[in-house]
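Tertiary structure, described
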Amino acid sequence: QEKEIADFVIAQNGNTEPVDYARMYVLGIESGKEGFYGETTYEDYLKQLDNMSLEERQQFNTEYERKYKTSFVTDFVDHVAEHENLDEAHKTLFDKTISQNFDMTPADRVRLEVLSGNKNYQAFEQMLSEMSAVERTIMRNEYNTVYGADFDADFHEMIGQDEAQISKYTELLRAEPT
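Computed from a predicted model, the values in this text were never measured in an experiment.

Rules behind the numbers
- Residues numbered from 1 in each chain as written.
- Predicted model: local features only at pLDDT ≥ 70, side-chain atom pairs only at ≥ 80, totals over all residues.
- Heavy atoms only, no water.
- Helix = DSSP H or I, 4+ residues; strand = E, 2+ residues; numbered from the N terminus.
- Contact = heavy atoms within 4.5 Å.
- Areas by Shrake-Rupley, 256 points an atom, 1.4 Å probe, with all protein chains shown as cover.
- Lys, Arg positive; Asp, Glu negative; His and termini not counted.
- Charge placed at Lys NZ, Arg CZ, Asp CG, Glu CD.
- Expected span 1.5 Å × (residues − 1).
- Buried < 20%, exposed > 50% of the residue type's maximum accessible area, 1.4 Å probe, protein only.

As for the overall build of the chain
The number of helices and strands found in the chain is eleven helices and zero strands. Listing each helix as α and each strand as β along the chain from the N terminus yields α-α-α-α-α-α-α-α-α-α-α. Taken along the three principal axes of its C-alpha coordinates, the chain extends 60 × 30 × 30 Å. Of the contacts made within the chain by residues no fewer than 6 positions apart, 57% connect residues no fewer than 24 positions apart. Accessible area for the chain stands at about 9700 Å²; split by element, carbon and sulfur atoms hold 47% of it. Of the side-chain charges in the chain, 17 are positive and 37 negative, and the distance between the mean point of each set is 2 Å.

Next comes the structure, spelled out in structure tokens:
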């Protein structure tokens, strides 16, 4: 299988394409590359695939299947099941994301960030500021219902003790219009 990837890279004048990095990931082969398509965790792949348009994901899956004669989604799910040892919280998010063809909802994106422990709450500022009060309520309800967790508590935990940031995000998360 490593030879198959190497043969493709050689045929591509030494260029490793995104599907080649994905194949390395699902086979557990170190790519030596950081960043998109050289991802090292399933969480990185969830984020990057979510960032693609539906058409881009379809092209990615088609190219992977054309080259490697197997489904990326199947290989990805099998790899994660075998190597990641997901707890129930991660498994719920993973299964939901797969069922949505990697098209995550705002609640899913926040949950992924909470579970990853990165505490990058600032990444949600634009999304939150563009959401209506109704959309924020829907996001909060989905998070609480699907994940059995408290959205507000989890989001505030990402922020920590910074009072200015707590105040700013409390306003952004407000469910009622001001």
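Quick notes on helix α4 (residues 54–68)
Across its 15 residues, α4 extends 21 Å between first and last C-alpha, which sits within 8% of the 21 Å expected from 1.5 Å per residue. Packing partners of the buried residues in α4 comprise α1 (2–11), α2 (18–27), α3 (42–51) and α5 (72–83). Looking at the residues trailing α4, positive phi occurs at K69, about 55°.

Observations regarding the side chain of H79
As for its placement among the helices and strands, H79 is situated in helix α5. For H79, a relative accessible area of 8% corresponds to the buried category. If near-sequence neighbours (up to four positions away) are discounted, H79 is found in contact with Y25, V26, G28 and E84.

Digging into the environment of L27
With respect to the helices and strands, L27 occurs in helix α2. Residue classification places L27 among the partly exposed positions, given a relative accessible area of 27%. L27 sits 52 residues away from H79 along the chain, and the two C-alpha atoms are 7.4 Å apart.

Remarks on unusual backbone geometry
For N85, which is not glycine, the phi dihedral falls at a positive 50°. Within the secondary structure layout, N85 lies in the loop between α5 and α6 (88–99). In this structure, K119 is a non-glycine residue whose phi angle is positive, near 60°. Secondary-structure assignment places K119 in the loop between α7 (106–116) and α8 (125–130).

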